[in-house]
Every structure is written in C-alpha cells, then in structure tokens.
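Chain and residue survey
Residues per chain are reported as follows:
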Amino acid sequence: MTGAPQADLVIVANRLPVDRVTQPDGAVSWRPSPGGLVTALEPVLRANDGAWIGWPGSADDDEFEPFEENGLSLIPVAMSAQEVEEFYEGFSNGTLWPLYHDVIAKPEFHREWWDSYVSVNQRFADRAAEVAAEGATVWVQDYQLQLVPQMLRARRPDLRIGFYLHIPFPPAELFSQLPWRRQILEGLLGADLIGFQLPGAAANFVRLVRSRVGHKTHRDTIYLPDGRPVKATAFPISIDTAGFEELARSEAVAERAAEIREALGNPRRIFLGVDRLDYTKGIYSRLRAFGELVRDGHLDVEDAVFVQVATPSRERVEQYRILRDEIEMLVGRINGDYGKIGNPAIHYLHNSYPREEMAAFYRAADIMVVTPFRDGMNLVAKEYVACRFEDDGALVLSEFAGAAQELRQAWLVNPYDIDGMKSALMDAFAAEKRETSRRMRAMRRTVVQNDVAKWAADFLRELEELPEHHDKTVRRSRSS
Ligand code: ADP
Ligand code: F6P
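The structure reproduced in this document is the subject of the present report. (Residues numbered from 1 in each chain as written. Chains lettered and ligands numbered in written order. Predicted model: local features only at pLDDT ≥ 70, side-chain atom pairs only at ≥ 80, totals over all residues. Heavy atoms only, no water.)

Before going further, it helps to spend a moment on the nonpolar core. Tyr100, Phe124, Phe169, Phe205 and Phe271 are the most contacted members of the largest nonpolar core, which totals 103 residues. With nine residues, helix H3 (residues 111-131) is the largest single contributor of residues to this core. Filtering out sequence-adjacent residues up to four positions away, Phe205 remains in contact with Phe169, Leu185, Leu188, Leu189, Ile194, Phe196, Ile222 and Ala232. With 70 residues, the next largest nonpolar core counts Trp52, Leu193, Ile239 and Val253 among its residues. (Core = buried A, V, L, I, M, F, W, Y, C linked by side-chain atoms within 4.5 Å. Buried < 20%, exposed > 50% of the residue type's maximum accessible area, 1.4 Å probe, protein only. Helix = DSSP H or I, 4+ residues; strand = E, 2+ residues; numbered from the N terminus. Contact = heavy atoms within 4.5 Å.)

Neighbouring ligand 2 are 14 residues, the closest being Arg15, Tyr88, Asp142, Gln144 and Arg314. Residue Arg15 places a side-chain N or O atom 2.6 Å away from an oxygen atom belonging to ligand 2. In this structure, Tyr143 approaches ligand 2 through a side-chain N or O atom, which is 3.4 Å from an oxygen atom. Protein coverage of the free-state accessible area of ligand 2, which is 380 Å², stands at 94%. A total of three residues in the shell around ligand 2 trace back to one element, the largest contributor, which is helix H2 (residues 81-100). Here the residues of the shell around ligand 2 sort into six nonpolar, four polar and four charged. (Near = heavy atom within 4 Å. Polar contact = N/O pair within 3.5 Å; in protein donor to acceptor, adjacent residues only side chain to side chain. Areas by Shrake-Rupley, 256 points an atom, 1.4 Å probe, with all protein chains shown as cover. Nonpolar A, V, L, I, M, F, W, Y, C, P; charged D, E, K, R; others polar.)

Now for the packing of helix H9 (residues 251-263) against helix H12 (residues 355-364). The N-to-C vectors of H9 and H12 enclose an angle of 60 degrees; their axes lie 8 Å apart at closest approach. Between H9 and H12, the interaxial angle falls into the category oblique. The interaxial crossing formed by H9 with H12 has right-handed handedness. The residues of H12 that touch H9, namely those facing Val253, Ala254, Arg256, Ala257, Ile260 and Arg261, are Glu356, Glu357, Ala359, Ala360, Phe361, Arg363 and Ala364. (Axes fitted to C-alpha atoms, helices over the stretch in contact; angles between N-to-C directions. Parallel < 35°, antiparallel > 145°, perpendicular 65-115°, else oblique. Left-handed = near helix turned anticlockwise from the far one by under 90°.)

Next up on the list: the sheet that holds strand E8 (residues 160-164). Taken in spatial order, the ten strands line up as E5-E6-E4-E1-E7-E8-E9-E12-E11-E10 in an open sheet, and their pairing is mixed. The open sheet has two edge strands, strand E5 (67-69) and strand E10 (216-218), and neither has a second partner. Taken pair by pair, the neighbouring strands of this sheet meet at an average axis angle of 25 degrees, ignoring direction. When E10 meets strand E11 (residues 221-223), the two strands line up antiparallel, connected through three bridges. Following the sheet pairing, Lys216 is matched in E11 by Tyr223. (Pairing = 2+ DSSP bridges.)

As structure tokens, then:
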C-alpha cells in the first residue's frame, strides 16, 4: 500500500470513527461508528492533530488510500469477510468480550479465531509502523488489538507506545481460562503505559503478569528483563462535558426535548435507557422491573413512560440476535398487557441518532436508567449528567458500571436484584426536587472536573514522562 503522511500521534483502534456505507447505486457515504471509544477519542484526535488507523466497518473492500473526513486524518485497514467473521465477530466478540465481562455469556475458544486475531493484529501493527514518524507516540486502543504493542515494538523500538483498555480486565480466575493467556499478556507488555478504567483492573493485570509470565512487579510497575519498565494503572475515561452541556443548552435541543415530551403525552415522569443492544447492558432485566411496577399498579402508563433506545450492534453474532428477539418480545408483551391506546408503557427505538437528538433525549428524561451487569465505564451515564445543567433529573446506575466509582450520588443498584431495581426506580420516581438537585449537583462537579480532554492529557503526559530504563536486577521470565 502507498505511503500515508507521517504523524507524531497515531491512534490505532479496531474501528475508524466513521463507517463506510455503500448505497445500492454504488455511491459511498460515511456515518459515525457506534460505541463509547469513538465518542471519547474523536475530540482527542481533533485537539492533537494526529492520524487514526482503523477498519472502515465493511468486508472485502479493496484496500483504499488514507483520506480526510470532517477534518480528521484517517488511515483504513481492510478486512476480508472471513476476518470479520473470525477476528471481529469471533475472537474479539465471541471470546474476549464475554470473557472480560464476567463471563455473562459463555466465551468460545476456537484456534482458527485465534490465528485470525494474530494476523489482523499484525496488519494493524504494520500499518502503524509505516505511519508513525520517528520517535512518535502511538496509542493503541481496546481488546481487539492487544497484540499490537508487542508487534509494533518489534518493528519500531524508537516509538513511545501506549495502550488503553476500554472494557473491564477480568480477575485471574476468569482470564486464566484463555488458552492464549500468555500471548495476550506479552502482547500488552510491548506498551510503555497500559491504561485501564479502574484500579482493580490494573491490579488484576499486574497480578497475572507476575504469576503467569514471572516478571518482577512493584505496585503499578512491571520490570522487564531487558531493562524497560511498563506501567499499568487506571485512567477513568470520560466525555466532552462542555460540548454536551452546550448542546443541551441550545434552543434547538430545548425545543426538540419539549417536542419529545409532548409526543409521549406529557407524562409526569419519563424513564430513559440508552444502550448498544448488548447482553452486558442489562436491558431485559431493567424492562422487566419497569413492567412489574406497571403490572402491580405502582406506576400508571399515563403517569410514567419508559423510552428505551437500543443501538443496533454486532447483529451477525448469534447471542446478539437472540438478545434482540428476547427484548422485542418482552416489550411487545408489556405493551400488550398494560399499554392503552396512545399510551404504550415502553417506547422502543432500535436506531442510531445524531448527537443533538441524544442530547434532546437526555434533556427530556426525568430518570436515566443505566443498569449493566458489567461495563468498563458507561459514557451514557456521564452524558446524561453533563446535559442536566439545571441540576435536575435522577440517575439510576448499576454498581457494576465503572462510572459508579465516580458517580456515587446516583441511585446505585445491583442489576441482578430485580426487586432492588424496582425500589430504586420508585425512589427516583418519587424523589423530591431538593434531593435530586443535591445528588445531580455533586455528580455534575465530578463530570465537569474530569472530562475527556483531562483523561487524554493525563494519559499522554504520563506516557511522555515515563523513564525508558529501570535499574532493577531481574531474572529472565519463566514459561507458563
Ligand atoms: P459502549 O462503549 O459499550 O457502547 P458507552 O455507554 O460507554 O457504551 O458509550 C456509548 C456511546 O454511544 C455514547 O457516547 C452514546 O451517546 C452513544 N450512543 C448510544 N446509543 C446511541 C444511539 N442510538 N445513537 C447514537 N449514539 C448512541
Ligand atoms: O469499548 C467498547 C467498544 O467495544 C469499542 O471497542 C467498540 O468500538 C464499541 O464498543 C462498539 O462496538 P463495535 O465496534 O463492535 O460495534
């Protein structure tokens, strides 16, 4: 492939921030990619004037040239249909995703998926090696690319390499199921700095490196036998808080929020859920809890309505198809049993929306319900808080979302406990204005002080300042 411009900051992520869509007439257009990674990193790339290497989201396209889209310098990496199946849907989302999320679904282990993971990671590493300027910083993202740091270092020892994991990192007891556990740990150790959402995840990693690879460690530092230190520590990710607030304050969003409330029949309270349609997000249990409250007469459909936005996600993966069917059946059942003409209990939207529309949903909703069984962070919770500039609105939040470590003033729930969720929904429904304001004010302080610009600046500064060598005497690692 021909040369891309050399960059001093290179972001390497599985997906580009935009997906390539080919229309029936062959015309090509771009639409924003789904997920929190893109939301978080797009403003970082804009501010730092770097390049972004990633997959354009389609299969079997010919490799095409680097391009500019909406002011971003993008470098596509192509995948064949077989690689999409084995690397993306297979090893990334059928093995690692469930394994790293508490084994909520059963991970599958297939050797051909692993082979594809290795070869696609090598392609990303090769592309990064070509694009990075001498001494550049390369920031590799997420679970799909855990071998890239080591592969890249082998070709370009001059680079500063960072890695950030956007999802949880599991405890040793679960991670150890992985037949390729040692290769993954060594892949990550190619980075100088490895960032996690929470301190517990960083501690899980360091413990595994000590026990499975045999390297010397002290607190958050790993001492490699070749004299290079690797730091593994937490950097909780965030959002463009000011950007979301500005959007929420705009006239257009205020009008749209009023329109949404009106269209829903101006109920006393609007509950809102916004998630990728993923089994980690706890959508089914949350809707069940709401449905039971309506069934038992605690909530009336003229008084309270639930809007569930479910973003289409990984639609060719079997477990995601099953989940979609289950949720749609449940929504149908609840609406059939308890809805009235003009007043369904649940409004279900299986669609993606522009940021303005998301901000209007957040402004229109009185109670945001975020109940994942496990989530690295959950940016939706932070976006809701950012949009509530009048210090109103309630957040019901799973204690198993990374965001719960920061947003302590939310109504915290255990998503496995349906009765507990029902109580929290009712408490939030009935809360006095004074109570919701007190909680929201405190949460807003946290999200304003810790935005995505600070997250990126903290990570990149730490990466810059890390020493290149340690002076510890360490023995060669043993195999395990
Ligand atoms: P994940 O990374 O697992 O998808 P997060 O909550 O961290 O979960 O991030 C989701 C991101 O996707 C948020 O920025 C949210 O605004 C955005 N998003 C979610 N649903 C939609 C949708 N239907 N349309 C547009 N953006 C969405
Ligand atoms: O961090 C969560 C994440 O998995 C990102 O890596 C990913 O880009 C996003 O969610 C959406 O998932 P996908 O790229 O599989 O559509």
